[in-house]
Amino acid sequence: MNLRYLRLTALAVATALPALPAVAQDLRIGLASEPSSADPHFHNLGPNNQLRRNIFQSLVGTDDKQKLYPELAVSWKPLDDTRWEFKLRDGVTFSDGSTFDAYDVVYSVCRIPGVPDSPSLFTTYTKAVTGFEVPDPLTLIVETASPYPLLPTEFSTWGIISAKANGVDGASIVFSPDGCGDLAYPETQAFNDGSAAIGTGPFLLESFRRGEGIELVRNPDYWGDAAPWERVSMKPLTSDGPRVAALFAGDVDFIENPPLQDLERINSEGGLKVVQGISNRVIYLHMDHAQEPSPMITGTDGKNPLKDVRVREALSIAINRDAIVDRIMGGVAVAAGELLPAGMFGAHEEGQMPPAPYDPDRAKALLAEAGYPNGFGITIGTPNDRYINDAQVAQAVAQMWARIGVETGIDAVTASTFFSRRNAFEFSVYLAGWGAGTGEMSSPIKALVATRDGDRGYGGTNRGQYSNPEVDDLLTKALATVDDDARQELLRESSRVAMADWAILPLHFEVTPWAMTDKVSYVPRVDQYTLPALITPAN
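Now for a quick tour of the structure. (Residues numbered from 1 in each chain as written. Predicted model: local features only at pLDDT ≥ 70, side-chain atom pairs only at ≥ 80, totals over all residues. Heavy atoms only, no water.)

### Digging into the overall build of the protein chain
Reasoning step 1: Along its length, the protein chain carries 15 helices and 19 strands.
Reasoning step 2: Whereas a compact globule of 539 residues would reach a radius of gyration of roughly 24 Å, the protein chain reaches 23 Å, a difference of no more than 12%.
Reasoning step 3: Across its three principal directions, the C-alpha atoms of the protein chain cover 70 × 55 × 40 Å.
Reasoning step 4: Relative to its 539 residues, the protein chain shows a buried fraction of 60%.
Reasoning step 5: Of the contacts made within the protein chain by residues no fewer than 6 positions apart, 70% connect residues no fewer than 24 positions apart.
Reasoning step 6: When the accessible area of the protein chain is evaluated, it comes to approximately 19800 Å², of which 48% is carbon and sulfur surface.
Reasoning step 7: Taking the average place of the 45 positive charges on the side chains of the protein chain and the average place of its 69 negative ones, the gap between the two points comes to 2 Å. (Helix = DSSP H or I, 4+ residues; strand = E, 2+ residues; numbered from the N terminus. Rg over C-alpha atoms; globule rule 2.2 N^0.38 Å. Buried < 20%, exposed > 50% of the residue type's maximum accessible area, 1.4 Å probe, protein only. Contact = heavy atoms within 4.5 Å. Areas by Shrake-Rupley, 256 points an atom, 1.4 Å probe, with all protein chains shown as cover. Lys, Arg positive; Asp, Glu negative; His and termini not counted. Charge placed at Lys NZ, Arg CZ, Asp CG, Glu CD.)

### Considering the packing of aromatic side chains
Any two aromatic rings considered together are summarised by their centre-to-centre distance and by the angle between their planes.
Reasoning step 1: Taken as a whole and assessed by the stated rule, the structure comprises 15 aromatic pairs.
Reasoning step 2: With a centroid separation of 4.9 Å and an interplanar angle of 80 degrees, the aromatic rings of Phe132 and Phe175 are classed as edge-to-face. A residue pair is termed long-range when its members are at least 10 positions apart, and Phe132 in strand β6 (residues 129–136) and Phe175 in the loop between α4 (151–154) and α5 (188–192) qualify at 43 residues. Across the pair, exposure class does not vary: Phe132 and Phe175 are buried alike.
Reasoning step 3: The interplanar angle of 90 degrees and the centroid separation of 5.5 Å between the aromatic rings of Phe254 and Tyr522 together place this pair among those described as edge-to-face. Residue Phe254 is found in strand β11 (residues 254–256), and its partner Tyr522 is found in the loop between β18 (520–521) and β19 (536–537); the two are separated by 268 residues along the sequence. The burial state of Phe254 is the same as that of Tyr522; both residues are buried. (Phe/Tyr/Trp six-rings, centres within 6.5 Å; stacked < 30°, edge-to-face > 60°.)

### Focus: helix α11 (residues 390–402)
Reasoning step 1: For α11, spanning 13 residues, the distance from its first C-alpha to its last is 19 Å, which sits close to the expected 18 Å at 1.5 Å a residue.
Reasoning step 2: The complete set of buried residues in α11 reads Asp390, Ala391, Val393, Ala394, Ala396, Val397, Ala398, Met400 and Trp401. (Expected span 1.5 Å × (residues − 1).)

### Brief notes about the pairing of strand β15 (residues 407–413)
Reasoning step 1: Where strand β14 (residues 377–383) lies against β15, seven bridges are found, and the strand directions are parallel. Counterpart to Gly377 in the pairing with β15 is Glu407.
Reasoning step 2: Once you follow β14 into α11 and on to β15, the crossover reads as right-handed. (Pairing = 2+ DSSP bridges. Right-handed = clockwise from strand over helix to strand, strands pointing away.)

Here is the structure:
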């Protein structure tokens, strides 16, 4: 059994917060995307998860390459096929002074399934849990129905809140996967106004104002090394121009996702610099596999052409991914053949799963074979402020589809509006992105293409309602396989089956840039998160 999750000691040293002296200095950050809430369990979305990591921590942390290291747990190991033991960090307190213990973990897992109005629950990362034992306050035993090697990784994706701060005696909790009884939970608004923002992280939430900004202050009682900044201001600057202008004007010290066309100018400007690295975020097109008639499809007499695998293949091979990378992304992206970059766990090695070949002539032939020789009409839904050049990428795809007779419109809206409409199944095709929270192929397969199944936590973001029992079976077997090599091959096979069925159309992996003054430094992260505690004063 290859327990890659247990290689802890050296990694803990390498990935701990920087051992820098606390300096009375402010850091100002321009955000490219704004979180929808300060509630750590409200929305499984990149900007939300990024904010949460500053305030609410997990049992397990992840470094810039998504390798695991001890956070609120100092060690973990399987006791047998269905039980994991976590030893928790002693001496940790929440920001209200209450002591962190195992019952807070149980309380957090109890809250996650019932967060009201959540656009995307974290249950995909907690559904494997069937029970808990607490032999002592600093020991937690987690029970699963079957072998579940991904448990430590999934425990790195959600934050822990305090039971005691919410008036709950943790020892009295009777855990059940179906609900933990009538427990008191904080409302999402209480996190947003700060009254429930009680965490163990390096920062405290001073204020969260949608559209205006987020203010963090150093947590003076943080158990780890003090954050290098006394105060962090995170301002949403979702339009590229104002975000870059703010950096040039000195109004901010650090910005996310500077426009690709501005990278050279930033690097050549005295006192500024750019750092960048490949991310785990795949930009993809999701198609409606279920509804008939399907929204925004015309010229098919009510039929949904996307249910035909030949049509899905035609749409995929009509896309010139290399041209999108070169012309729209300025070369700062990597064309994708599956849902995770080569070399990451469960992805194929370089060249083994290449992007779909660009072949518009074959695409036309496939459409004719499927009964659409004159094509049809369709509209791509897309955000215009969430991913790098998202609306421009969708427009490029629309132009390519038009060349094979599929007249394509674009419905581009702000991210908040887009996700609301996407979740209401308003689009037949939409462009979105997925960052693998676990760093392995099970994350996108489980969320994006597994058959929607709330009981198993499958298909939470599968708004195209794709369903393939073979994909589900391979995923289920992988999630119960402790041996890393065997599990990786099962995940690869699951990916091969989904890609061969054109279940979802991967376009490219983002290469993420950050721009900053030369007075600070940052190591690029594959998860694309901007974490102020890891932005350090330059030497």
